[in-house]
Amino acid sequence: MRKISYTKVLFITCIICVCLLVFSLMMGTYQMSVQDVIHTLLGQGNRLQEFTIYQSRLPRIVLAVIVASALAVSGTLLQAVTRNPLAEPGMIGINAGAALFVVIFISLKTSAYYSSLSMSNVVMMPFVAMMGSILALVIIYAFAYRKGLLPVRFILCGIGVNAGMNAIITYYQLSMSKGDFNQVLAWTNGSLWGSSWQYICVSAPFVFILCLYAFSKSRVLDIFGIGNELASGVGVSIKKEMFTCLFIATLLAACATAVAGNIAFLALLGPQLARRFSGNQHRLLFPLAIIISICILLFSDAIARTLFSPIEIPVGIIVSIIGVPYFIYLMLKGR
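Just so it is clear, the structure is predicted and the values come from calculations on it, not from any experiment. (Residues numbered from 1 in each chain as written. Predicted model: local features only at pLDDT ≥ 70, side-chain atom pairs only at ≥ 80, totals over all residues. Heavy atoms only, no water.)

J.: How should I be thinking about helix 11 (residues 238-260) in this particular structure?
T.: For an α-helix, 3.6 residues make a turn, and residues three or four places apart therefore share a direction. For helix 11, with 23 residues, the first-to-last C-alpha span of 33 Å sits near the 33 Å given by 1.5 Å per residue. Once helix 11 ends, the next one or two residues include G261, with phi positive near 75°. (Helix = DSSP H or I, 4+ residues; strand = E, 2+ residues; numbered from the N terminus. Expected span 1.5 Å × (residues − 1).)

Spelled out as structure tokens, the structure:
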């Protein structure tokens, strides 16, 4: 029965995702019809339509797919390892560590964000973000590890590190000019407005490889759910596998943060909604979590672009507005 339900949900979410992709190509300051979008994709559009699709909207959509996939897999890994439904990289400081390093890196390289960065600096951004995320993970792990890694202690230490990292980012922003401050503020709240093909080319291979590796750990993640003692009994190296999964989750969150800023709650929403239909079978959970996260991010981005058009608000704010009520619901349900 669950398999039929899962298949239906997967099919419906795929249809919704395709509809949102088409809608995202249509909507904006310059609106296009479905026919215009199709003709442009077939190479029959005019110069304005081609520029709008290929240089503005399509890169943004592709980047949204990459970011949503990375955060969905990262959140799934964290929730499986900590056995806590509230675990996600934005809450425990992993995103904040990446954001801190990227903000410092960008401000040292240029005073104009995104477009003025050279290709060599763009290539460096994911590595810089990974360094920041790994540093955050090491700090959390050092504080949380006491003859073992307790999930509750790990989450609490992560919340503390997250607060500290965000405080440093805020302090660093105070020394910036007004223009730089506004751009960094938008970026740290999660934004896709700086998307371009060069960022996609750099981030996509990392995310693809890391997601494939995470999929290969599906059986191990299933075993985590039965408890450490039983998992050890069936031959799983608990410490090694936990650290490996945490490390992969950290790298995925870093890749997403490097190109889209700190988008909170997306890594919580996708896996949690998907788990209702897939159960704890991670080979089923991963694909559905990715598709749901893509739908949420595309829907949020459409609202962010059109709600106060031509003014654009950070997409992370819309995702948080959607995610906070569900976060509170999970807390109350857990109580």
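J.: Help me understand the nonpolar core, please; the structure alone is not making it clear to me.
T.: When a protein is soluble and globular, its nonpolar side chains tend to lie buried together. Of all hydrophobic cores here, the largest spans 107 residues; its most connected members are V67, L77, F154, L252, I263 and L297. Filtering out sequence-adjacent residues up to four positions away, L297 remains in contact with A64, V67, A68, L192, I263, L266, V315 and V319. (Core = buried A, V, L, I, M, F, W, Y, C linked by side-chain atoms within 4.5 Å. Buried < 20%, exposed > 50% of the residue type's maximum accessible area, 1.4 Å probe, protein only. Contact = heavy atoms within 4.5 Å.)

J.: What is the right way to read the packing of aromatic side chains from this model?
T.: Each pair of aromatic rings is reported with the distance of its centres and the angle of its planes. By the definition in use, this model includes four aromatic pairs. With centroids separated by 5.3 Å and ring planes inclined at 90°, the aromatic side chains of F127 and F206 adopt a geometry described as edge-to-face. A residue pair is termed long-range when its members are at least 10 positions apart, and F127 in helix 5 (residues 119-144) and F206 in helix 8 (residues 197-216) qualify at 79 residues. Judged by its relative accessible area of 25%, F206 falls in the partly exposed class. Aromatic pair F243 and F247: ring centres 6.4 Å apart, planes at 15°, arrangement stacked. Here F247 and F243 lie together in helix 11, a separation of four residues that amounts to about one turn. (Phe/Tyr/Trp six-rings, centres within 6.5 Å; stacked < 30°, edge-to-face > 60°.)

J.: Can you walk me through unusual backbone geometry in this structure?
T.: Across residues other than glycine, the phi torsion is negative in most instances, and most of the peptide bonds are trans. The phi dihedral of R83 falls on the positive side, at around 55°, and the residue is not glycine. Among the structural elements, R83 can be located in the loop between helix 3 (47-82) and helix 4 (94-109). By relative accessible area, which is 39% here, R83 ends up partly exposed.

J.: Explanation requested: the side chain of N162 in the structure shown.
T.: You can see N162 is positioned in helix 6 (residues 151-174). You can call N162 buried: its relative accessible area is 13%. Excluding residues that lie within four positions of it along the chain, N162 makes contacts with G90, M91, I92, G93 and A96.

J.: How should I be thinking about a nonpolar patch on the surface in this particular structure?
T.: Residues F11, I12, I15 and I16 make up a contiguous nonpolar surface patch of roughly 390 Å² in combined accessible area. Within the element layout of this structure, I12 appears in helix 1 (residues 2-26). With a relative accessible area of 48%, I12 lands in the partly exposed category. (Patch = residues over 30% accessible without salt bridge, like charges linked within 9 Å, V, L, I, M, F, W, Y side chains within 5 Å. Areas by Shrake-Rupley, 256 points an atom, 1.4 Å probe, with all protein chains shown as cover. Salt bridge = Lys/Arg side-chain N within 4 Å of Asp/Glu carboxyl O.)

J.: I keep staring at the environment of Y326 and nothing clicks. Help me out?
T.: Position of Y326 relative to the elements: it lies in helix 14 (residues 315-334). Excluding anything up to four places from it in sequence, Y326 contacts L269, Q272, L273 and R276. There is a polar contact of 3.3 Å between the side chain of Y326 and the side chain of R276. (Polar contact = N/O pair within 3.5 Å; in protein donor to acceptor, adjacent residues only side chain to side chain.)

J.: In this structure, what is going on with the environment of M27? I would like to understand it.
T.: With respect to the helices, strands and loops of the structure, M27 is situated in the loop between helix 1 and helix 2 (34-41). Overall, the relative accessible area of 18% leaves M27 in the buried class. In this structure, the C-alpha to C-alpha distance between M27 and R57, residues 30 residues apart in sequence, is 9.0 Å. Those residues in contact with M27, other than ones at most four positions away along the chain, are R57, R305 and T306.

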